[in-house]
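# A look at the structure
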Amino acid sequence: MTDDDAREHRAGRTGLVVKIPEAEPTVRGWRERLDPGAREGVPAHVTVLFPFLRASRIDGAVRLALAEVLAAHPAFTVRFESCHRFPGVLYLAPEPDGPFRALTEAVAERWPQAPPFGGRFDEVVPHLTVAQGHDEAALANAEAALAGGVPVTARVSSVALLVHDGARWHERASFALGQAT
């Protein structure tokens, strides 16, 4: 959910994320040092959709629609077993990533005016960002250290709506996923 573009973090920006508290013991220290989002209050997470609608547009009807869209997807278990890279970014890769992709696709289909990452990428790759905006040595150091902390297994049962107040991100709501069959 993080981005080097400061305009993405203005008051009223929102994002939908799956919080991964099980990863915090492994990634917290690295994220606090190497991920600006962590310093703004964003927990370890996998982004479902960012940016979402402006906070001023999220009313009861939008919340109800979010609850319906997300409840149509079952809760699931995910493992983070390895680090991967985007240019300038170190992340943990979720396995399986299909359920995250399905959540993103469902929300983006319901709100086409809010494409994932503003439509900047041809493919959205689910990931848990550990570091971004640092040199190769910092990323390599974090990656080597994380090898001893994985795998991390997590149960995914909800999606959080985060809102930026101009300085920090705060959870405004949480939406339950449906029950696995």
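Residues numbered from 1 in each chain as written. Predicted model: local features only at pLDDT ≥ 70, side-chain atom pairs only at ≥ 80, totals over all residues. Heavy atoms only, no water.

Our next topic: the sheet that holds strand β7 (residues 158-164). Backbone hydrogen bonds are what pair the strands of a sheet, in a parallel or an antiparallel way. In space, the 4 strands of this open sheet follow the order β2-β1-β7-β8, with antiparallel pairing throughout. Every other strand in the sheet has two partners, leaving β2 (45-49) and β8 (169-176) as the edge strands with one partner each. Taking each pair of neighbouring strands and ignoring which way they run, the sheet shows an average axis angle of 35 degrees. As paired elements, β7 and β8 share 7 bridges and run antiparallel to each other. Pairing of L161 across the sheet is with A173, part of β8. Together, β1 (14-19), β2 and β7 form the strand contacts of helix α4 (residues 98-110), whose direction differs from that of β2 by roughly 30 degrees. (Pairing = 2+ DSSP bridges. Helix = DSSP H or I, 4+ residues; strand = E, 2+ residues; numbered from the N terminus. Axes fitted to C-alpha atoms, helices over the stretch in contact; angles between N-to-C directions. Contact = heavy atoms within 4.5 Å.)

Another point: the packing of aromatic side chains. Inspection of the entire model under this criterion finds 5 aromatic pairs. An angle of 85 degrees between the planes, with centres 5.2 Å apart, marks the rings of F52 and W111 as edge-to-face. Here F52 is found in the loop between β2 and α3 (60-71), whereas its partner W111 is found in the loop between α4 and β5 (128-132), with 59 residues between them in sequence. The two residues F52 and W111 agree in class, both being buried. Judged by centre distance (5.1 Å) and plane angle (85 degrees), the ring pair of F76 and F100 falls under edge-to-face. Of this pair, F76 sits in strand β3 (residues 76-86) while F100 sits in helix α4; the two residues are 24 residues apart in sequence, bridging distant segments of the chain. Look at F76 and you get buried, because its relative accessible area is 9%. Among the residues examined, F100 registers a relative accessible area of 1% and is labelled buried. The ring of W30 carries R33 above its face, with NZ or CZ at 4.4 Å from the centroid. Stacked on the ring of W111, the Lys or Arg R110 has its end atom at 4.6 Å from the ring centre. (Phe/Tyr/Trp six-rings, centres within 6.5 Å; stacked < 30°, edge-to-face > 60°. Buried < 20%, exposed > 50% of the residue type's maximum accessible area, 1.4 Å probe, protein only. Lys NZ or Arg CZ within 6 Å of the ring centre and 35° of its normal.)

Quick look at the sheet that holds β5 now. With respect to topology, 4 strands assemble into an open sheet ordered β5-β4-β3-β6, the strand pairing being antiparallel. Across the chains shown, the open sheet's two edge strands, defined by having one partner strand only, are β5 and β6 (152-156). For this sheet, the mean angle separating the axes of adjacent strands, direction not counted, is 30 degrees. Relative to β6, β3 runs antiparallel, the two sharing 5 bridges.

Turning our eyes to something else, we now look at the pairing of strand β4 (residues 89-95). Along β4, 6 of the 7 residues are buried, which leaves the element largely enclosed by surrounding structure. Counting the residues that bridge the hairpin from β3 to β4 gives 2 residues, and of these G88 lies at a positive phi of roughly 75 degrees. The pairing of β4 with β5 spans 4 bridges and is antiparallel. The partner of L92 across the bridge, within β5, is L128.

Remember, this is a structural readout, not a statement about activity or role.
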